[in-house]
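Summary of the model geometry
Listed below are the residues making up each chain.
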Amino acid sequence: MARKCSITGKGPMSGNNVSHAHNKTKRRFLPNLRTVRITLEDGTRKKIKVAASTLRTMKKQGA
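Residues numbered from 1 in each chain as written. Predicted model: local features only at pLDDT ≥ 70, side-chain atom pairs only at ≥ 80, totals over all residues. Heavy atoms only, no water.

Here we look at the overall build of the chain
When helices and strands are counted, the chain shows one helix and four strands. Over its C-alpha trace the chain gives a radius of gyration of 16 Å, far above what one expects of a compact globule, namely 11 Å for 63 residues. For the chain, the spread of C-alpha atoms along the three principal axes comes to 55 × 25 × 15 Å. Counting only residues that meet the buried cut, the chain has 11% of its 63 residues in that class. About 5500 Å² of surface is accessible on the chain, with carbon and sulfur atoms providing 51% of the total. (Helix = DSSP H or I, 4+ residues; strand = E, 2+ residues; numbered from the N terminus. Rg over C-alpha atoms; globule rule 2.2 N^0.38 Å. Buried < 20%, exposed > 50% of the residue type's maximum accessible area, 1.4 Å probe, protein only. Areas by Shrake-Rupley, 256 points an atom, 1.4 Å probe, with all protein chains shown as cover.)

Topic: the pairing of strand β1 (residues 13-18)
The pairing of β1 with strand β2 (residues 24-29) spans six bridges and is classified as antiparallel. Residue pairing across strands places N16 opposite K26, the latter belonging to β2. (Pairing = 2+ DSSP bridges.)

Details of the environment of A21
Here A21 is to be found in the loop between β1 and β2. Judged by relative accessible area, which is 59%, A21 ranks as exposed.

Re the side chain of T54
Looking at the secondary structure, you find T54 in helix α1 (residues 52-61). Filtering out sequence-adjacent residues up to four positions away, T54 remains in contact with C5, I7 and T8. (Contact = heavy atoms within 4.5 Å.)

Some thoughts on the environment of L40
As for its position among the elements, L40 is in the loop between β3 (33-39) and β4 (45-51). On a C-alpha basis, the gap between L40 and T8 in space is 18 Å, while along the polypeptide they are 32 residues apart.

Here's what the structure looks like:
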């Protein structure tokens, strides 16, 4: 499964590691994913990967 939030679609970003001597090498910024269990309408439970920032927003909105 991809490293992607199943609600917002947030995925890895790319950037640079910058040393003290200002040498640049490529790196990846991965999203902070959490596995949560949700209950569907038919009563079954399913695990999905959700970003921590998305969980925080959902908790704030009361969803």
